[in-house]
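Here is how the chains run, residue by residue.
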Amino acid sequence: QKSQAILGTFRGSSIGQFLQCVFRKSTKGGVISLENSQLLVDSCKVEEATVEFNSTGEINAIRGCTLEGNTEGLRTGITAGMNSIVRIVNNTIRSSIVDVKDQANVKLCDNNYTNSSLIVWGTGIAAADKETFTGDCTRGAGYACGISESGSLTIRDSSFSNLNGFAIISYDNSHCSV
């Protein structure tokens, strides 16, 4: 079913843990962590919805999930912002965006992006290891990795292959280390 509401919000010092769940078609977002809450999304399927980390809680992670967007104009993917510290590990990301902003500090490892983008902007910081990027980036952002404003991306041991679009774009006062 298409949800007209956010699927779940965690505030204060609450803890949310999702294991082997399906989040499907939420036009208002998806699962969100705020304030000092903690959120772990593990081995879930996220279809046309988002997982948003806007919390300074100790544990904020998404691992082993499949994220897939198919409807143009409906946001799908992962957002990290508001001073959050997030781990994004071993996910399959299709036609979706990973968005790092607003002083978020994100560690990414072993994620596979197909027709998808990693965007680091504002004052977001990301360190990416062993990421794999393939497919048509022009349907979304137009690039596999984009860094802008004062964003910072360090990317190591990663691969870019069979891309339609740019592999990496860095502009403004951003910093990119490959």
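Before reading on, note that the structure itself is shown above.
Q: Can you walk me through the sheet that holds strand S10 (residues 77-80) in this structure?
A: The pairing of strands in a sheet happens through backbone hydrogen bonds and is either parallel or antiparallel. As summarised here, the arrangement of the eight strands in space is S1-S4-S7-S10-S13-S16-S19-S22, forming an open sheet in which the pairing is parallel. Of all the strands in the sheet, the pair left with one neighbour each is strand S1 (8-10) and strand S22 (166-170). Neighbour to neighbour, the strand axes of the sheet diverge by 10° on average, direction disregarded. Bridging between S1 and strand S4 (residues 31-35) involves three bridges; their strand directions are parallel. The partner of Gly 8 across the bridge, within S4, is Val 31.

Q: Whenever I open this one, the pattern of salt bridges confuses me. Can you help?
A: If the charged atoms of two oppositely charged side chains come close together, the side chains can form a pair. Tallied over the full model, the rule gives six salt bridges. A salt bridge links Asp 42 to Arg 63, with the nearest nitrogen and oxygen atoms 2.9 Å apart. Pair noted here: Asp 42 is in strand S5 (residues 38-42) and Arg 63 is in strand S8 (residues 60-63), with a separation of 21 residues, a long-range link. Asp 42 gets classed as buried once you look at its relative accessible area, which sits at 12%. The exposure class of Arg 63 is partly exposed, given its relative accessible area of 40%. For Lys 45, the salt bridge identified is with Glu 47, shortest N-O distance 3.2 Å. Residue classification places Glu 47 among the buried residues on the basis of a relative accessible area of 17%. The structure contains a network of salt bridges with shared partners spanning Arg 24, Lys 45 and Glu 47.

Q: Is there a simple way to think about the packing of aromatic side chains in this case?
A: Aromatic rings in a pair are described by how distant their centres are and how their planes are angled relative to each other. One pass over the full model with this rule turns up four aromatic pairs. With centroids separated by 5.2 Å and ring planes inclined at 75°, the aromatic side chains of Phe 18 and Phe 23 adopt a geometry described as edge-to-face. Both residues of the pair, Phe 18 and Phe 23, count as buried. Between Tyr 113 and Phe 133 the ring centres are 4.2 Å apart and the planes differ by 15°, which places this aromatic pair in the stacked class. Of this pair, Tyr 113 sits in strand S15 (residues 112-114) while Phe 133 sits in strand S18 (residues 132-136), placing them 20 residues apart in sequence. In terms of burial, Tyr 113 and Phe 133 fall into one category: buried. Members of the aromatic cluster, connected to one another through ring pairs, are Phe 10, Phe 18 and Phe 23.

Q: Sorry if this is basic, but what is going on with the side chain of Lys 101 here?
A: Tracing the sequence through the fold places Lys 101 in the loop between strand S13 (97-100) and strand S14 (105-109). One buried charged side chain, Lys 101, makes no salt bridge at all; its nearest oppositely charged neighbour is Asp 99, positioned 4.2 Å away. Other than its neighbours up to four places away in sequence, Lys 101 contacts Thr 79, Ala 80, Gly 81, Met 82, Trp 121 and Gly 124.

Q: I tried to follow the side chain of Gln 38 on my own but got confused; where do I start?
A: In this structure, Gln 38 sits in strand S5. Residue classification places Gln 38 among the buried residues on the basis of a relative accessible area of 19%. Side-chain polar atoms of Gln 38 contact the backbone nitrogen of Ile 59, separated by 3.2 Å. The contact partners of Gln 38, leaving out residues within four places of it in the chain, are Ser 14, Ile 15, Gly 16, Ser 55, Gly 57, Glu 58, Ile 59 and Asn 60.

Definitions and cut-offs
- Residues numbered from 1 in each chain as written.
- Predicted model: local features only at pLDDT ≥ 70, side-chain atom pairs only at ≥ 80, totals over all residues.
- Heavy atoms only, no water.
- Pairing = 2+ DSSP bridges.
- Helix = DSSP H or I, 4+ residues; strand = E, 2+ residues; numbered from the N terminus.
- Axes fitted to C-alpha atoms, helices over the stretch in contact; angles between N-to-C directions.
- Salt bridge = Lys/Arg side-chain N within 4 Å of Asp/Glu carboxyl O.
- Buried < 20%, exposed > 50% of the residue type's maximum accessible area, 1.4 Å probe, protein only.
- Phe/Tyr/Trp six-rings, centres within 6.5 Å; stacked < 30°, edge-to-face > 60°.
- Lys, Arg positive; Asp, Glu negative; His and termini not counted.
- Contact = heavy atoms within 4.5 Å.
- Polar contact = N/O pair within 3.5 Å; in protein donor to acceptor, adjacent residues only side chain to side chain.

Keep in mind these values describe shape, not function.
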